[in-house]
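Now for the letters of each chain:
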Amino acid sequence: MEIRISNLDNIREAARQFIENIGDHRVFAFYGKMGAGKTTFIKAICEELGVEDVITSPTFAIVNEYTSQSSLLTPNDSIFHFDFYRIKKLEEVYDMGFEDYFYSGSLCFIEWPELIEEVLPEDAVKVTIEENADGTRSVKL
C-alpha cells in the first residue's frame, strides 16, 4: 500500500489512511532518510489517535510514551514512540528493556529501526517514507 502526502495540509488525512490499515499490527518500523518526515508523520498519526500530549521526537530520551484517547484503541492506551538514531550499541536497547515495549500489545512507532533490526519482532511492519522530486512524500507499507 502507498499513501501520498502532497503537503502538510493533508498529512492528517494520510495519517487516517494509515490508521485504517494497521489492522492488528502493533509494531511499525519507519525507514527513511533524515528529513524525510518520519517524526512529522508519526506525530500526525498520534494526533489522529487522540493523543493530547506534546508529541516530539524522542531523539535524546530514546522513547516517549503518549496516552491515546481514541475510541480506536482502549481508552488511555499507551503509544510508544522510539528514535534509535543515537544508539551506539545494541546492548543499549537490551538495557532499556525493549521487550517490555515491543511485546506489550501497545502501538510502537520506531524511527531508525535499521540500527536495531536484529531485535525487531518478526511481525513488525516496515514503513518507508520517501521524499519525491516534487516535494511530496510517499509512505509505503
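As a reminder, the structure under discussion sits directly above these lines.
### Brief notes about the environment of Val119
Here Val119 shows up in the loop between strand S5 (107-111) and strand S6 (125-131). Apart from the residues within four sequence positions on either side, Val119 is in contact with Leu90, Val93, Tyr94, Phe98, Phe102 and Tyr103.

### Observations concerning the side chain of Ser106
Here Ser106 lies in the loop between helix H4 (98-102) and S5. Those residues in contact with Ser106 that sit more than four places away from it in its chain are Arg26, Ser78 and Phe80.

### A look at the side chain of Asn64
Along the chain, Asn64 falls in strand S3 (residues 63-68). Accessibility expressed as a relative area gives 15% for Asn64, which makes it buried. At 2.9 Å, the side chain of Asn64 and the backbone oxygen of Thr56 are in polar contact.

### Focus: the environment of Asp53
If you trace the backbone, Asp53 turns up in the loop between helix H2 (38-48) and S3. Judged by its relative accessible area of 36%, Asp53 is partly exposed. Considering only alpha carbons, one finds Asp53 and Tyr66, 13 residues apart in sequence, at a separation of 6.3 Å. Leaving out residues up to four positions away in the same chain, Asp53 has contacts with Glu65, Tyr66 and Thr67. Among the polar contacts made by the side chain of Asp53, one reaches the main-chain amide nitrogen of Thr67 at a distance of 3.0 Å.

### Digging into the pattern of salt bridges
Counted by the stated rule, this structure contains eight salt bridges. A salt bridge links Arg12 to Glu47; the nearest nitrogen and oxygen atoms lie 3.3 Å apart. Taken together, the positions of Arg12 in helix H1 (residues 11-20) and Glu47 in helix H2 put the pair 35 residues apart, joining distant regions of the chain. For Arg12, a relative accessible area of 35% gives the class partly exposed. Residues joined in a network through salt bridges with shared partners are Arg12, Glu13, Arg16, Lys43, Glu47 and Glu48.

### A short note on the sheet that holds strand S4 (residues 77-83)
In space, the seven strands of this open sheet follow the order S1-S7-S6-S2-S5-S4-S3, with mixed pairing throughout. Two strands close off the open sheet at either side, each with one partner strand: strand S1 (2-5) and S3. Sheet twist, expressed as the mean angle between neighbouring strand axes with direction ignored, is 20°. With four bridges connecting them, strand S2 (residues 27-31) and S5 associate as parallel partners. Counterpart to Phe30 in the pairing with S5 is Glu111. Sheet contacts for H1: S1, S2, S5 and S6; angle to S1, the most-contacted strand, approximately 170°. In this fold H2 packs onto S1, S2, S3, S4, S5, S6 and strand S7 (137-140), with an angle of close to 165° to the strand it touches most, S5.

What counts, and at which threshold
- Residues numbered from 1 in each chain as written.
- Predicted model: local features only at pLDDT ≥ 70, side-chain atom pairs only at ≥ 80, totals over all residues.
- Heavy atoms only, no water.
- Helix = DSSP H or I, 4+ residues; strand = E, 2+ residues; numbered from the N terminus.
- Contact = heavy atoms within 4.5 Å.
- Buried < 20%, exposed > 50% of the residue type's maximum accessible area, 1.4 Å probe, protein only.
- Polar contact = N/O pair within 3.5 Å; in protein donor to acceptor, adjacent residues only side chain to side chain.
- Salt bridge = Lys/Arg side-chain N within 4 Å of Asp/Glu carboxyl O.
- Pairing = 2+ DSSP bridges.
- Axes fitted to C-alpha atoms, helices over the stretch in contact; angles between N-to-C directions.

Fair warning: the whole summary comes from geometry, so function is off the table for now.
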